[in-house]
Amino acid sequence: MNNQDIIDRIKASFCNLTNFKVRQNAIEVITAYSTITSKFVSVFITFTNNKIVLTDSGWIDQNYYETPLYDESEFIINRMISSYKASFNVKSILDKEGVEFYYKTCENIDQIPSAVFDLASFIVGVVNSFCIQYKDEKEEKERETFRKDANDYLKANYTDKVKLRSALDDFQSIKFNAIINKNSNLYLLTYVTGSNQIYFENDLRKSIVNFEIASKSKYRDIIKEKVTIINDKSDGYMPERSSFIFELLREKTSREPLKWSEKERILELI
Amino acid sequence: MHKINKEIKDQFDFFTELVKLEKIVLSKSIQLVPKKNNARWLTGQSVIQHKTISEDILLIVERSKRDSKYGIKLRCPSLTNEPFFRFDSDGPAHRNDFPNIPLDEQSVTTPHFNSYEEDGKPIAYKNDILKKESEAKAIEEDINFGISLFCMETSTKLATGDFPSVIDKAPEIEFCATQNINFDNISFE
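Residues numbered from 1 in each chain as written. Chains lettered and ligands numbered in written order. Predicted model: local features only at pLDDT ≥ 70, side-chain atom pairs only at ≥ 80, totals over all residues. Heavy atoms only, no water.

### As for the overall build of chain A
1) Next: Counting its secondary structure elements, chain A contains seven helices and eleven strands.
2) Next: Against the globule reference of 18 Å for 270 residues, chain A gives a C-alpha radius of gyration of 29 Å, more extended than a compact globule.
3) Next: Counting only C-alpha atoms, chain A reaches 80 × 55 × 30 Å along its principal axes.
4) Next: Burial status across chain A gives 46% buried among its 270 residues.
5) Next: Long-range pairs, those at least 24 residues apart, make up 60% of the contacts in chain A with a sequence separation of at least 6.
6) Next: Of the accessible surface of chain A, which amounts to about 14,700 Å², a share of 50% is contributed by carbon and sulfur atoms.
7) Next: Across chain A, 38 positive and 40 negative side-chain charges occur, with their mean positions spaced 5 Å apart. (Helix = DSSP H or I, 4+ residues; strand = E, 2+ residues; numbered from the N terminus. Rg over C-alpha atoms; globule rule 2.2 N^0.38 Å. Buried < 20%, exposed > 50% of the residue type's maximum accessible area, 1.4 Å probe, protein only. Contact = heavy atoms within 4.5 Å. Areas by Shrake-Rupley, 256 points an atom, 1.4 Å probe, with all protein chains shown as cover. Lys, Arg positive; Asp, Glu negative; His and termini not counted. Charge placed at Lys NZ, Arg CZ, Asp CG, Glu CD.)

### A word on the interface of chain A and chain B
1) Next: Facing 45 residues of chain A, the contacting portion of chain B comprises 35 residues.
2) Next: Interface area for chain A against chain B, summed over the two sides, is near 3,500 Å², with a carbon-plus-sulfur share of 54%.
3) Next: Broken down residue by residue, the surface that chain A buries against chain B is led by S38(A), F40(A) and Y64(A), which jointly contribute 17%.
4) Next: Taken together, the connections running from chain A to chain B amount to six salt bridges.
5) Next: Measuring nitrogen to oxygen at the nearest pair gives 3.9 Å for the salt bridge that ties K21(A) to E140(B).
6) Next: Here chain A is connected to chain B by 15 residue pairs in polar contact (both at pLDDT 80 or more).
7) Next: Those elements giving two or more residues to the side of chain A that touches chain B turn out to be α1 (3–16), β1 (19–22), β2 (27–34), β3 (40–48), β4 (51–55), β5 (91–94) and β6 (100–106) of chain A.
8) Next: Split into classes, the residues belonging to the side of chain A that touches chain B amount to 19 nonpolar, 16 polar and ten charged. (Buried area = accessible area lost by both parts, 1.4 Å probe. Salt bridge = Lys/Arg side-chain N within 4 Å of Asp/Glu carboxyl O. Polar contact = N/O pair within 3.5 Å; in protein donor to acceptor, adjacent residues only side chain to side chain. Nonpolar A, V, L, I, M, F, W, Y, C, P; charged D, E, K, R; others polar.)

### Let's talk about the side chain of N231(A)
Residues and elements named next belong to chain A.
1) Next: Structurally, N231 is set in the loop between β10 (223–230) and α6 (243–252).
2) Next: Classification of N231 as buried rests on a relative accessible area of 8%.
3) Next: Not counting residues within four places of it along the chain, the set of residues in contact with N231 comprises E142, F146, V192, T193, F200, Y237 and W260.

Below is the structure:
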């Protein structure tokens, strides 16, 4: 293997990968950087209002790089853009039609190559950020389904005696999935589910803390049961692996968790 | 990313037939009107009649009001949701990420066609006309030239043998003759 040959090939390829399009009022640098949407990033160089300006020409904002658009990820994507802007010292401005232009300015032409490098790196980072689905759809769906099923079951059996997603008066921000008020007694219920062990244990932890807080409530004497309904059919239900947390939960509840597959036991209890 | 189009991969012969065999554009002129969900773009379409395939095929034209970038697509919803063949007049260069293509040949600038390879992977290319810079420039600037090129490439024409024309239905919006943004109107600091 001839090292120099390999080196020369790589240098030449990388160099030849950079192309240019001379437009009427700008040079478009078709850079060697590509996005995960298989597009090479373009940086426009123009001279305007006595400044050398490098810009993406609004291509990110108009989605010319063809990324998916996940509305629910708007906040996290905005934070990523801010991060990248700070890292590469990139600014942005809206044009008259409200299209956002990301840009850098240079004082002289010696600064241009470095600025192209920065702006191209910025564009790659930002465009790639748009492509990732941050929401765990499987987990969201699993959670929604279980909550609905449990809610429906309790409503059907306890009608107006059950309040869903409810709190004790003195701790309004601590919500229990259900509070049943029967014969002047309160029954606090939490639901636990998860599409993997991490999500499942997070739910267990929430239950532990919420029941602990409930024990400080002025209503503690009329709270007859504090119990958790666990979705034993979920992928995250791993009783041996989560045994320690289950033990902690048991210290805060009035009895062992009720399995969803044995939901009739809820009716026996309450 | 969802790069591979499984439907095209699984029915590649059907895809090839769609692209290569003769087609007739039923509308003599394609009228561009503002897009419903994006006021900066105009769109128009025509039904296509294929020589051997009876499934619905659409020819869609889209054009930006801002920088006169335009796109021409063929869609066959029964095959796949994405357009199965496209032309982009402007915009980013595509990367043909294939192991048998040397790195410095992987970049295909616009204007270019977008098609698919046998494995369902998108590929961009320039035909002989687009490889000539003067022709490419003319096509970038003239949507009717672009439509003719697209039709020639996909064996599509009107019943009369000519090519359809593209008309802007809302001519009070002036098309910018150039394909460039006026940077002087933006207050870069």
